[in-house]
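Structural overview
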Amino acid sequence: MRVLLKLSGELLAGRRPPIDWEAFSFHAREIAAASREAEIAVVVGGGNILRGARTPVPATGHVMGMLATVINALALRDALRDAGKEARVLSALPVPGVAGAVDQWEARDALAAGEVVILAGGTGLPYVTTDTAAVLRALALGAELVLKGSKVEGVFTADPAEDPGAEFIPRLTHAEYLSRGLRVLDPAAVQIAAEHGLPIVVFRADREGALRAALHGEIGSRIG
Ligand code: UDP
């Protein structure tokens, strides 16, 4: 089984933003444990370092956000190697000598050989999010599931941080997610996943064993 894990910058910020080494090493251990059961590609966000930078040319701010994901990817690679797991970084915005360009065939071979592949730089294009990158990379790499790590248990009827009456939704279709105007995951990403029948599981990722439990369908909300 091949899956794509999306880790947001918010998760990587842990308790000591912007880069909490404890959070990186926690997620690295989670990935290393789950990689005994599945091939895992990871798309990292960048919101812990930079989001919505107001630059005179908006696209520049988006590129800065994408570069932030490269920083997170490098840190996650080191954390994975520390946890005894081989990992490589491929970037939509390559940094020569540091992070090579995304090559989907190289990524597929590395995954099949048991390596974790960290995909940095989002899509490489401004105005979209790393959630969209996660869905597109999952499709390109033939992953059968997207696992979206979150700070909340899954999909709720409203944002549980703002509405204490928000109800957990264990299972819903892509169309239901989109028509309810939910925001835990970028709707643009869900739209693309819907078109290709790609399921997404949103789960609370900051607890030990959560990634394996999500992989087994024991926790989280399943879209599709
Ligand atoms: N971004 C972009 N294109 C992409 C992915 C990301 O322009 O393909 C920019 C966008 O400005 C975004 C920022 O990088 O706000 C950081 O990504 P994101 O907000 O998805 O990170 P996360 O919320 O997951 O930490």
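What you see is a predicted model; the values in this text were computed from it and never measured. (Residues numbered from 1 in each chain as written. Predicted model: local features only at pLDDT ≥ 70, side-chain atom pairs only at ≥ 80, totals over all residues. Heavy atoms only, no water.)

**What to know about the overall build of the chain**
Tallying secondary structure elements over the chain gives 8 helices and 11 strands in all. Rg of the C-alpha trace for the chain: 16 Å, near the compact-globule value of 17 Å for 224 residues, within the 12% margin. If one aligns the C-alpha atoms of the chain with their principal axes, the spans along those axes are about 50 × 45 × 35 Å. Within the chain, the proportion of its 224 residues that are buried is 47%. Counting contacts in the chain only where the partners sit at least 6 residues apart, residues at least 24 apart contribute 71% of the total. (Helix = DSSP H or I, 4+ residues; strand = E, 2+ residues; numbered from the N terminus. Rg over C-alpha atoms; globule rule 2.2 N^0.38 Å. Buried < 20%, exposed > 50% of the residue type's maximum accessible area, 1.4 Å probe, protein only. Contact = heavy atoms within 4.5 Å.)

**Quick notes on empty space enclosed by the protein**
Following the criterion strictly, the structure yields 1 cavity of 30 Å³ or more and no others. The space that makes up the largest cavity amounts to roughly 40 Å³. Those elements that provide at least two residues to the lining of the largest cavity are strand S1 (2-7) and helix H2 (21-34). Counting residues per element, the lining of the largest cavity draws most heavily on H2, at 3 residues. Considering only residue class, the lining of the largest cavity consists of 6 nonpolar, 1 polar and 1 charged. (1 Å grid on protein atoms, 1.4 Å probe; cavity = no way out; pocket = protein on both sides within 12 Å on 5 of 7 lines; lining within 4 Å. Points joined across faces, edges and corners; volume = space filled by probe spheres on them. Nonpolar A, V, L, I, M, F, W, Y, C, P; charged D, E, K, R; others polar.)

**Here's the deal with the pattern of salt bridges**
In total, this model carries 11 salt bridges according to the counting rule given. Here aspartate 206 makes a salt bridge to arginine 204, at a shortest N to O gap of 2.7 Å. You can call aspartate 206 partly exposed: its relative accessible area is 30%. (Salt bridge = Lys/Arg side-chain N within 4 Å of Asp/Glu carboxyl O.)

**A few points about the site of the ligand**
Every one of the 18 residues lining the ligand counts as a neighbour, but Arg51, His62, Thr123, Leu125 and Thr130 are closest to it. Contacts to the ligand include glycine 46, whose backbone N or O atom sits 3.1 Å from an oxygen atom. Here a nitrogen atom of the ligand and a backbone polar atom of valine 128 are 3.2 Å apart. The element contributing the most residues to the shell around the ligand is helix H3 (residues 58-82), with 3 residues. Considering only residue class, the shell around the ligand consists of 5 nonpolar, 11 polar and 2 charged. (Near = heavy atom within 4 Å. Polar contact = N/O pair within 3.5 Å; in protein donor to acceptor, adjacent residues only side chain to side chain.)

**So, the environment of glutamate 30**
Here glutamate 30 is to be found in helix H2. With a relative accessible area of 9%, glutamate 30 lands in the buried category. As for glutamate 30 and alanine 210, which are separated by 180 residues in sequence, their C-alpha atoms are 7.6 Å apart.

**Some remarks on the pairing of strand S2 (residues 39-44)**
Of all 6 residues in S2, 5 are buried, a share of seventy percent or more. Pairing of S1 with S2, which is carried by 6 bridges, proceeds in the parallel orientation. In the sheet register, leucine 5 faces S2, and the bridge partner there is valine 42. Here S2 runs beside strand S5 (residues 116-120); their pairing, made up of 3 bridges, is parallel. Counted as the bridge partner of valine 43 is leucine 119 from S5. (Pairing = 2+ DSSP bridges.)

**As for the sheet that holds strand S3 (residues 87-91)**
Judged by pairing direction, the sheet is mixed, and its 9 strands sit side by side in the order S4-S3-S5-S2-S1-S6-S10-S11-S9 without closing on themselves. Of all the strands in the sheet, just strand S4 (100-101) and strand S9 (171-172) have a single pairing partner and so form its edges. Here 2 bridges tie S3 to S4, and the two strands are oriented parallel to one another. The residue of S4 that forms the bridge with serine 91 is alanine 101.

**Observations concerning the nonpolar core**
By size, the foremost hydrophobic cluster in this structure holds 34 residues, and its most contacted members are Leu5, Ile31, Val42, Leu76, Ile118, Leu147 and Phe203. With 6 residues, H3 is the largest single contributor of residues to this core. The contacts of phenylalanine 203, once residues within four sequence positions are left out, are Leu5, Leu147, Lys148, Gly149, Ser150, Val152, Glu153, Ala210, Leu211, Ala214, Ile219 and Gly220. With 29 residues, the next largest nonpolar core counts Val43, Ala107, Ala143 and Tyr177 among its residues. (Core = buried A, V, L, I, M, F, W, Y, C linked by side-chain atoms within 4.5 Å.)

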